[in-house]
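What follows is each chain in one-letter form.
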2 protein chains.
Amino acid sequence: RQGKFTSETYPDLKRDERFSQLTPEHVNYFRELLGKESAVIDGVSSDSAADDLEPFNSDWMRKYRGHCKLALRPGSTEEVSKILKYCNDKKLAVVPQGGNTGLVGGSVPVFDEIVISMGRMNQIHEFDEVSGTLVVDAGVILETADHFLAEKGYIFPLDLGAKGSCQIGGNLSTNAGGLRLLRYGSLHGTVLGIEAVLPDGTIIDDLCKLRKNNTGYDIKQLFIGSEGTIGIITKATIQCPQRSKAQNVAYFGLESFEKVQQAFREAKGQLSEILSAFELMDEGSQTLVTDVTKNRRPLDDKYPFYCLIETSGSNSDHDSEKLQAFLEDVMEKGIVLDGTLAQDETQIKALWGWREGITEALSHLGSAYKYDVSIPLKQMYQLVEDTRARVDEAGLLGDTDEHPVRAVIGYGHMGDSNLHLNVSTRRYDERVEKVLEPFIYEWIAERQGSISAEHGLGIAKKKYIGYSRSATMIGLMKQIKGLYDPVSLSLVVAWAPLLK
Amino acid sequence: RQGKFTSETYPDLKRDERFSQLTPEHVNYFRELLGKESAVIDGVSSDSAADDLEPFNSDWMRKYRGHCKLALRPGSTEEVSKILKYCNDKKLAVVPQGGNTGLVGGSVPVFDEIVISMGRMNQIHEFDEVSGTLVVDAGVILETADHFLAEKGYIFPLDLGAKGSCQIGGNLSTNAGGLRLLRYGSLHGTVLGIEAVLPDGTIIDDLCKLRKNNTGYDIKQLFIGSEGTIGIITKATIQCPQRSKAQNVAYFGLESFEKVQQAFREAKGQLSEILSAFELMDEGSQTLVTDVTKNRRPLDDKYPFYCLIETSGSNSDHDSEKLQAFLEDVMEKGIVLDGTLAQDETQIKALWGWREGITEALSHLGSAYKYDVSIPLKQMYQLVEDTRARVDEAGLLGDTDEHPVRAVIGYGHMGDSNLHLNVSTRRYDERVEKVLEPFIYEWIAERQGSISAEHGLGIAKKKYIGYSRSATMIGLMKQIKGLYDPVSLSLVVAWAPLLK
Ligand SMILES: Cc1cc2nc3c(=O)[nH]c(=O)nc-3n(C[C@H](O)[C@H](O)[C@H](O)COP(=O)(O)OP(=O)(O)OC[C@H]3O[C@@H](n4cnc5c(N)ncnc54)[C@H](O)[C@@H]3O)c2cc1C
Ligand SMILES: Cc1cc2nc3c(=O)[nH]c(=O)nc-3n(C[C@H](O)[C@H](O)[C@H](O)COP(=O)(O)OP(=O)(O)OC[C@H]3O[C@@H](n4cnc5c(N)ncnc54)[C@H](O)[C@@H]3O)c2cc1C
């Protein structure tokens, strides 16, 4: 299936006419520079490459689609540098592309921007088995790096559903959070060094391999989460933790969000160093999974809330003992109403399925309005309830076909205060969007939450940044953008309207 | 004892004549602004405050001493903002001062800069017992925050020897590392939000309380480790981990640095999630401690190297079992030659004394050239050996009085590749410095190490930054400095020569 063009979905976005139009002469320059035939996918000189360009023009969800006529696949940092310098000089717009799994439309062109695809830069350069520092090209696929590390007894400090396709450069550029953040912290802490190329071609050689280096401003931090708007990341050094030998998973039911918070508090206290995930699912989300998979639920009864706890440690017996004791304790205290422990690998996978299967179940049932937000923990679930009430009051929610909305559900990384609010719909109905927005953004802003916890701004959220950032902060961001990309020519598409 | 003036020790530093001279009129402005008598320590209008100004003019080591005539103690962010704006307008130089425990001379004036002392801003504003996020004023003393957290079952993710005096604002400004970095990571990961004031008085309101917030450039990161050169931090939000219930400590002897690395690798594998410190001490360092304290050594025999391992976990029995098993395993494999486990609180303290007592022993014995550096782990100890050989070849090292150098020793945070190289001297001899510098900096640069792992640049190391950072990176830093402090007037003293 082919999606709509982004330029149609977002008619507000206009091509900046200061950008040049691509010519065969430009293409010739790139051909000579990159040498390899397969490194230049050329739809400028002739139309025959249209099919080959399609994957560069649309994203993982097929929600965003561009009109790009040229994709470049550089093989080295020097090539990236020369491409950017040339584009800057010639006023050609570009968009960096990693695994194309970002969910906010940042990695695909809107108009005719040149795609700079990083997949050919895919070498693992160095790994120090004592310190655990890994040096990789930006185009290395996350799962490839993690498999490499597994053999050495290490683990990549980041894990997410798209790991088979997403690239480390893309992960850094979006400051991806994912499933291990609770345990290993954010990329701002685990990335030790970055090599990147600025829009004018300058190579930033900050590929530090040290955990500690206090010699001046930590410039590399600006590239983490900047979604390709100030430069292209070409290499990175990552501090990788030791891989845990043992894994245990528990799933339990609770009667209120109040109790969920108590359980989280207890889990941190009793499981502390071995806690590696604390996920929340509401009853609505589990109903959807049941409806789609027809699987038997892990617990006999239904509860308003469920949590999934994962522990990772170096000693399986110790960990089971702790988890068992924890479960007994919280059940005795009435915090948890019922629970079950996975007994083996298969059961672990099955329990995780009740959390990880939600996205798939949702897409199986039709469309969904998805909000990946962060809210102070105490108020986190309130957003789901308030949204549900609002949709219901508008007469849009119901079990029968006349209602466009099937369910308003919430789940997410409880440990990180990261909620995935999903409004599952039966069909498109413009009343739904009107009821949801800007209501949800305003609700979040009032509570100092974030309108984008994990995924970034991209095309999807750039115009809402004001809900999460003050005018002062946005002003400072513009300054940074101006510093690295003064003519605002290349690398600007996603945030362009924001940053001009 | 009164130290030498910094302006004498560093005759190269010249007062920038673009700065105005302080007048009683300026002082009157500050008096009216701050109201409180005790908030303005005035040596401008009369000489009577000279004694009161002394603590603001000299640092913890009494190694740096300034000529400041005015110290201000603001009580709110708005006051800091007005002070900076006024200073910027009137071209008055300032230096932010926290607990004054920084070791590189960054917190004290060199000439007549106004000290902005943060100690009055010392409120703990908020703590969320479920998520563990703490909101504090910059002037809160680290230990105060940690005691507050202890009562709630949490811990501050940073710990260091100066905790009784240093302030959280100072910790952030120096990106302090310390004893818990191995476990909880760097402040770039654990600081969730910052409120700061720019040189022109602009208040940056980025006091985010969320673990995840991907909405634009992470500007706050620039303030972490910037040593007060681009603004004054006024508040911070910190993600605090759960406090561990159990602590265990082991101390053991090894025959080579090769074995130390093996032991580290094994400790990470076997102790993994409970490992909270892995410290290295060489025989030379332990001899110094023995000489000064006359304490009986933890092990019967002497070994070239010793390590101290600390574990922190939620279950004391589990942790002891793991540590015991680890020790048996590494002894069996011949990695470790002898070892001992602390049996109670007192023994834990005693064992830590063999690591933490080194600094004191060194200062007891006279002066020392101190280098706080980071080097890729494999080569880390080589620096001590090469330095020792060099000092020895120059005929400067020996047991007898005619030799200016008593010992060249190494110890440090092995887990973070962070070495403290110390050259203990009997008296000042200019030949020693000549043998050490720039040799040590060049040695580190060749191995892509850092000339300042933890403490920052300050006055002490600013001119050596080129050994750890490329010209491109230094150029980017100058840009940032120029962005936030365009006239390079206030907040520049420490890095001034570098950044102009
Ligand atoms: C099934 C699924 C699950 C996901 N789960 C999570 C999750 O749990 N947590 C989470 O945080 N995110 C999640 N995501 C979104 C996540 O951001 C991306 O999967 C991933 O981080 C993006 O990597 P990528 O290589 O695909 O980047 P792309 O999608 O190709 O690009 C993303 C952005 O980064 C830029 N970019 C890419 N490479 C570079 C580079 N080398 N230099 C500069 N800029 C670059 C692009 O221009 C674009 O703006 C998920 C996505 C999917 C599809
Ligand atoms: C005994 C001892 C042990 C130590 N151990 C360690 C260790 O293990 N690890 C480690 O990393 N460091 C260590 N240090 C050094 C460490 O950097 C400092 O102790 C501490 O982080 C500095 O805090 P402070 O409040 O004393 O800052 P100060 O010394 O007052 O200031 C340090 C720098 O920060 C600036 N500054 C201070 N407050 C602010 C503010 N609010 N806004 C902007 N700028 C500000 C100052 O201008 C100065 O440049 C140690 C120091 C001592 C004396």
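Before reading on, note that the structure itself is shown above.
The sections below set out a description of the structure shown in this document. (Residues numbered from 1 in each chain as written. Chains lettered and ligands numbered in written order. Predicted model: local features only at pLDDT ≥ 70, side-chain atom pairs only at ≥ 80, totals over all residues. Heavy atoms only, no water.)

Thoughts on the packing of aromatic side chains
In total, this model carries 36 aromatic pairs over all chains according to the counting rule given. Where A:F127 meets A:Y154, the ring centres are 5.1 Å apart and the plane angle is 75°; that geometry is what we call edge-to-face. Of the two residues, A:F127 sits in strand β5 (residues 124-127) while A:Y154 sits in the loop between α5 (142-151) and α6 (168-173), which places them 27 residues apart along the sequence. A relative accessible area of 15% places A:F127 in the buried class. Ring centres 6.2 Å apart and planes at 40° place the aromatic pair A:F223 and A:Y484 in the tilted group. Here the residue A:F223 occupies a position in the loop between β8 (203-206) and β9 (232-239), and A:Y484 occupies one in helix α16 (residues 471-484), the gap between them amounting to 261 residues. Considered together, A:F223 and A:Y484 belong to a single accessibility category, that of buried residues. Lying across the ring of A:F5, A:R65 places its NZ or CZ 4.3 Å from the centre. Positioned over the ring face of B:W443 is B:R447, at 3.7 Å from the centre of the ring. (Phe/Tyr/Trp six-rings, centres within 6.5 Å; stacked < 30°, edge-to-face > 60°. Helix = DSSP H or I, 4+ residues; strand = E, 2+ residues; numbered from the N terminus. Buried < 20%, exposed > 50% of the residue type's maximum accessible area, 1.4 Å probe, protein only. Lys NZ or Arg CZ within 6 Å of the ring centre and 35° of its normal.)

Quick look at the relation of the copies chain B and chain A
Structural alignment of chain B on chain A gives an RMSD of 0.0 Å, achieved by rotating through 180° and translating 0.0 Å along the axis. The symmetry that links the two subunits is that of a two-fold axis. If distances are taken from each C-alpha of chain B to the rotation axis, the shortest is found for B:G189, at 2.1 Å. Most of the interface of chain B is mirrored in chain A, where 100% of its interface residues are also at the interface. (Least-squares fit on C-alpha atoms with pLDDT ≥ 70 in both. Contact = heavy atoms within 4.5 Å.)

A word on the site of ligand 1
All names here are of chain A. Surveying the vicinity of ligand 1 reveals 33 residues, the closest of which are P96, G98, G99, T101 and G102. At a separation of 3.0 Å, an oxygen atom of ligand 1 approaches a polar side-chain atom of N171. Coverage of ligand 1 by the protein amounts to 94% of the 970 Å² it exposes when considered alone. Elements with a minimum of two residues in the shell around ligand 1: β3 (94-97), α6 and β9. It is α6 that contributes the most residues to the shell around ligand 1, 4 residues altogether. Grouping the amino acids of the shell around ligand 1 by side-chain chemistry returns 11 nonpolar, 20 polar and 2 charged. Two domains each provide a minimum of three residues to the shell around ligand 1, namely domain 1 (6-120) and domain 2 (124-239). (Near = heavy atom within 4 Å. Polar contact = N/O pair within 3.5 Å; in protein donor to acceptor, adjacent residues only side chain to side chain. Areas by Shrake-Rupley, 256 points an atom, 1.4 Å probe, with all protein chains shown as cover. Nonpolar A, V, L, I, M, F, W, Y, C, P; charged D, E, K, R; others polar. Domains from an automatic or database assignment.)

Examining the sheet that holds strand β1 (residues 40-42) of chain A
Residue and element names in this part refer to chain A. Spatial ordering of the open sheet is given by β1-β2-β4-β3, a layout of 4 strands whose pairing is mixed. A single partner strand is all that each edge strand has here, and the edge strands are β1 and β3. Across the sheet, the mean angle from the axis of one strand to that of its neighbour is 20°, orientation sign disregarded. Two strands pair when backbone bridges link them, and β1 and strand β2 (residues 70-72) are joined in this way by 3 bridges, in the antiparallel orientation. Paired with V40 across the two strands is L72, which belongs to β2. (Pairing = 2+ DSSP bridges. Axes fitted to C-alpha atoms, helices over the stretch in contact; angles between N-to-C directions.)

These figures capture arrangement, not role.
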